[in-house]
Amino acid sequence: MSNKKNDRRTEILQALAQMLESSPGARITTAALAKQVGVSEAALYRHFPSKAKMFEGLIEFIEETLFTRINRIIQEESNVIGRVEMITTLVLGFAENNPGMCRLLTADALSGETDRLRLRITQVFDRIETQLKQVMREADLKQGLRPAMGVAPCANFLIAIIEGKIRHYVRSEFKVKPMEIWPEQWSVLAQNLMLNR
């Protein structure tokens, strides 16, 4: 029985993500979501006590996906520039492959929702920035490198690029993909990101 309940929860979250993608700028109602899933609104509320909890389910998916992979990158890649590239590329690739989630990452879909949800999204980006800072702090110890503009400004710059590319993706209604010209952009960034001690 609990497997069936988890399957329905997953189905609801997938439908919500699809609606976020297919209706850029539109507010998602529980009535429309219930119709998309093929259940009553009451059935939605048996699986999630509120629409905010549904959004939280998607945010948890974002967190679990990104941070599991970021931790793997940190464990498996020793080169600092490689780590930074892999982390930024991971986030941009995730965004490109999950357009509906981008509306959450930009808080576009959270207009009129609880402040707690916007705080969770802020925390996602803060955690990514913290991971980038950690990687860059280790650069000096492991490779004799230092960020060209200091650890915090460099990590902040990278987060601004990531957020900007995701916001552009949402604003273009998912036509301008975050990864489209990223390799060329990264090439220029990588040359100027770290300096030898």
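Residues numbered from 1 in each chain as written. Predicted model: local features only at pLDDT ≥ 70, side-chain atom pairs only at ≥ 80, totals over all residues. Heavy atoms only, no water.

## Considering the UniProt feature "DNA-binding region" (unreviewed entry) in the protein chain
Phase 1 of the analysis: Residues annotated in UniProt with the feature "DNA-binding region" (unreviewed entry) correspond here to residues 29–48.
Phase 2 of the analysis: Segment residues 29–48 splits into 75% helix and 0% strand. End C-alpha atoms: 14 Å apart. (UniProt positions renumbered as here; feature names shortened; annotations may be inferred. Helix = DSSP H or I, 4+ residues; strand = E, 2+ residues; numbered from the N terminus.)

## Overview of the packing of aromatic side chains
Centre distance and the angle of the planes are the two values used to describe a pair of aromatic rings.
Phase 1 of the analysis: Within the structure shown, the criterion is met by three aromatic pairs.
Phase 2 of the analysis: Consider the rings of Y169 and F174, whose centres lie 5.2 Å apart with planes at 75°: the pair is edge-to-face. In terms of burial, Y169 and F174 fall into one category: buried.
Phase 3 of the analysis: On the numbers, 5.9 Å between centres and 40° between planes, the contact of W182 with W186 is tilted. Pair noted here: W182 and W186 are both in helix α9 (residues 182–193), with a separation of four residues, about one helical turn.
Phase 4 of the analysis: Over the aromatic face of F67 sits the side chain of R127, whose NZ or CZ is 3.7 Å from the ring centroid. (Phe/Tyr/Trp six-rings, centres within 6.5 Å; stacked < 30°, edge-to-face > 60°. Buried < 20%, exposed > 50% of the residue type's maximum accessible area, 1.4 Å probe, protein only. Lys NZ or Arg CZ within 6 Å of the ring centre and 35° of its normal.)

## Things to note about the UniProt feature "domain: HTH tetR-type" (unreviewed entry) in the protein chain
Phase 1 of the analysis: Per the UniProt annotation, the sites labelled "domain: HTH tetR-type" (unreviewed entry) are residues 6–66.
Phase 2 of the analysis: Counted over residues 6–66, helix gives 79% and strand 0%. Its end C-alpha atoms are 21 Å apart.

## Notes on the pattern of salt bridges
Phase 1 of the analysis: One pass over the structure, following the stated rule, counts eleven salt bridges.
Phase 2 of the analysis: Notably, a salt bridge pairs E11 with R8, separated by 3.2 Å at the nearest N-O pair. Here the residue E11 and the residue R8 both occupy positions in helix α1 (residues 2–22), the gap between them amounting to three residues, near one helical turn.
Phase 3 of the analysis: Residue E11 is classed as partly exposed on the basis of its relative accessible area of 34%. (Salt bridge = Lys/Arg side-chain N within 4 Å of Asp/Glu carboxyl O.)

## A word on helix α7 (residues 115–143)
Phase 1 of the analysis: Taking 1.5 Å as the rise per residue, α7 with 29 residues should run 42 Å; its terminal C-alpha atoms sit 42 Å apart, in good agreement.
Phase 2 of the analysis: Two residues or fewer after α7 comes G144, characterised by a positive phi angle close to 65°. (Expected span 1.5 Å × (residues − 1).)

## Overview of unusual backbone geometry
Phase 1 of the analysis: Here A107, not a glycine, exhibits a phi torsion of approximately 65°, which is positive.
Phase 2 of the analysis: Mapped onto the fold, A107 is located in the loop between α6 (99–105) and α7.
Phase 3 of the analysis: Not every positive phi belongs to a glycine, and F174 is a case in point at roughly 70°.
Phase 4 of the analysis: Residue classification places F174 among the buried residues on the basis of a relative accessible area of 11%.

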